[in-house]
Amino acid sequence: MKKIKLNSWGKFTDIDAHECNWKTIKELKTIITSNKSFIPSGNYRSYGDSAFSDYIISCKNNDSIISFDKSEGLLTVEAGITLSKILSIIIPHGWFLGVTSGTKYSTLGGAIASDIHGKNHHINGCFSTYVSDIDLMLPNGAVVNLRKEDELFKATCGGMGLTGVIISATIRLIKIKSTIVNQMIIKTNSLSETFEIFDKYSHERYSVAWFDSFSTGKNFGRSIIQIGDFATEGDLKFKDESVRFIPFKLFSYFLNKYLIRIFNFLYFYLTSSKKIQSKIHFTKFFYPLDKFSNWNKIYGKKGLIQYQFILPLDKSFEGIKEIFNVIQKKNIYPYLAVLKLYGKKNDNYISFPIKGYSLALDFKRNDQTLNMIKNLDTLVIKFGGRVYLTKDAQIDEYSFKKMYPESTKFVSIRKKYDLQDKMKSSQSIRINI
Ligand SMILES: Cc1cc2nc3c(=O)[nH]c(=O)nc-3n(C[C@H](O)[C@H](O)[C@H](O)COP(=O)(O)OP(=O)(O)OC[C@H]3O[C@@H](n4cnc5c(N)ncnc54)[C@H](O)[C@@H]3O)c2cc1C
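This structure is a prediction, so every number in the text was calculated from the model and none was measured. (Residues numbered from 1 in each chain as written. Predicted model: local features only at pLDDT ≥ 70, side-chain atom pairs only at ≥ 80, totals over all residues. Heavy atoms only, no water.)

**Student:** Any details on the pattern of salt bridges? Residues and values, ideally.
**Tutor:** In the structure shown here, the tally under the stated rule is 15 salt bridges. With a shortest N-O distance of 3.4 Å, Asp63 and Lys85 are connected by a salt bridge. Of this pair, Asp63 sits in the loop between strand E4 (55-58) and strand E5 (65-69) while Lys85 sits in helix H2 (residues 83-90), placing them 22 residues apart in sequence. Note on Asp63: relative accessible area 24%, which makes it partly exposed. Residue Lys85 is classed as partly exposed on the basis of its relative accessible area, which comes to 33%. Among the ionic pairs, Lys416 bridges to Glu151, the shortest N-O distance being 2.4 Å. Placement of the pair is Lys416 in helix H13 (residues 407-416) and Glu151 in helix H5 (residues 151-156), with a sequence separation of 265 residues. Several salt bridges share partner residues, and in doing so they unite Asp49, Asp392 and Arg430 into one network. (Salt bridge = Lys/Arg side-chain N within 4 Å of Asp/Glu carboxyl O. Helix = DSSP H or I, 4+ residues; strand = E, 2+ residues; numbered from the N terminus. Buried < 20%, exposed > 50% of the residue type's maximum accessible area, 1.4 Å probe, protein only.)

Written as structure tokens, this is what we have:
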């Protein structure tokens, strides 16, 4: 066990914690059955406090391949493996992840615990769609093998580490013939046009929109929509791009002074035509932010908040408009806004996605933003939506329970398996589950 200073991707606080690393199942059992409470951690790519606790069971060093069936596309790996390492192994054999997040530096354990989703949720659902089974260690040291129909599977996927330690899992992969993505970029002039384009191309596997958070009036909701799928021709070489380091003092200056309008610049000058088709390497298509190792530091000492909410399909238009009314009145604009279309909800008790639209908004963290977000929570509840727990660092118990009505089932499972006193994070204490 070693003492560490903890910080999440939102960089909003340093907390003193004890991190426990382990090599064997026996060592993990000794740690988890001691008289302390724990939360597991992966690579700390979550934005808030879901992997924060006094005592942390780190899984990052447990990243071995257990088996890889290259003809069937079935991979069994330890939970600490990053998506990047998985890709380096599977791509040369013509396989890809069924679902990936916007960073390839999440671990498998983190991907399952957050039940991550990508640009293809409207077609393929969450990460758990592709998880065949999970080996989970409970706080009594027992290792259980979970399958889709098990209640503990449904609680573990999206369960934010609160059901035990994911040791390993088997995932199904999807076939690809190339690392190139055929991409189409479409510029829209309003929110209704943005929704129309998402709808029109909803048969395409991947889509996402960069939403102009400064647009107003009839142009409100104008966006650049990126649509694509893997090409059938190209090579299958995995090559991780070189990661750059932003001189963040310079960028903090830009962020304050100029970057706030950068979207408009990109929108009007770089995307000159209404529709552009191109071929793009998958790393650029799926992981544009991974290019810079420290972009999260440009928000300054207090860090950043990513407020990601989702609203049901029939309420998305009205809800996004009302939420932006508040943002515009308060004059606190997000620096980045990403809009995605989602398909139907899965059976997991506290997974984030429901059928509708989600917006992820990156704000500079300060008291005014936090106050405004409290108002936004009220609106998200009013429209029947919810915020994403892996990005959250501030919702209260009341809001969480309103947003996640199936959390009662989740809590009853926590009671049934004696998880409540042993598996805790700063987030689970705050929202009282
Ligand atoms: C640039 C960027 C882009 C992102 N894009 C997306 C996106 O498109 N879609 C999306 O869904 N998410 C996205 N995320 C969020 C990220 O994918 C999740 O937060 C993911 O859970 C991080 O994985 P991690 O290994 O770093 O986990 P951590 O941050 O270390 O932990 C996250 C949660 O997982 C739990 N956990 C971790 N390992 C285990 C384990 N072995 N057993 C049990 N529980 C465990 C922790 O307790 C915690 O609750 C993005 C994050 C970044 C930084």
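From this point, the narrative continues.
**Student:** Give me the lowdown on empty space enclosed by the protein, citing residues and values where you can.
**Tutor:** Over the atoms a probe the size of a water molecule is rolled, and this reveals where empty space is left. With the rule as written, the count across this model stands at 5 cavities of 30 Å³ or more. Counted as a void, the largest cavity has a volume near 40 Å³. Ile305, Gln306, Tyr307, Gln308, Val387, Tyr388, Lys391, Asp392, Ala393 and Gln394 together form the lining of the largest cavity. Of all the elements, strand E15 (residues 304-312) adds the most residues to the lining of the largest cavity, at 4 residues. Looking at side-chain class alone, the lining of the largest cavity contains 5 nonpolar, 3 polar and 2 charged residues. (1 Å grid on protein atoms, 1.4 Å probe; cavity = no way out; pocket = protein on both sides within 12 Å on 5 of 7 lines; lining within 4 Å. Points joined across faces, edges and corners; volume = space filled by probe spheres on them. Nonpolar A, V, L, I, M, F, W, Y, C, P; charged D, E, K, R; others polar.)

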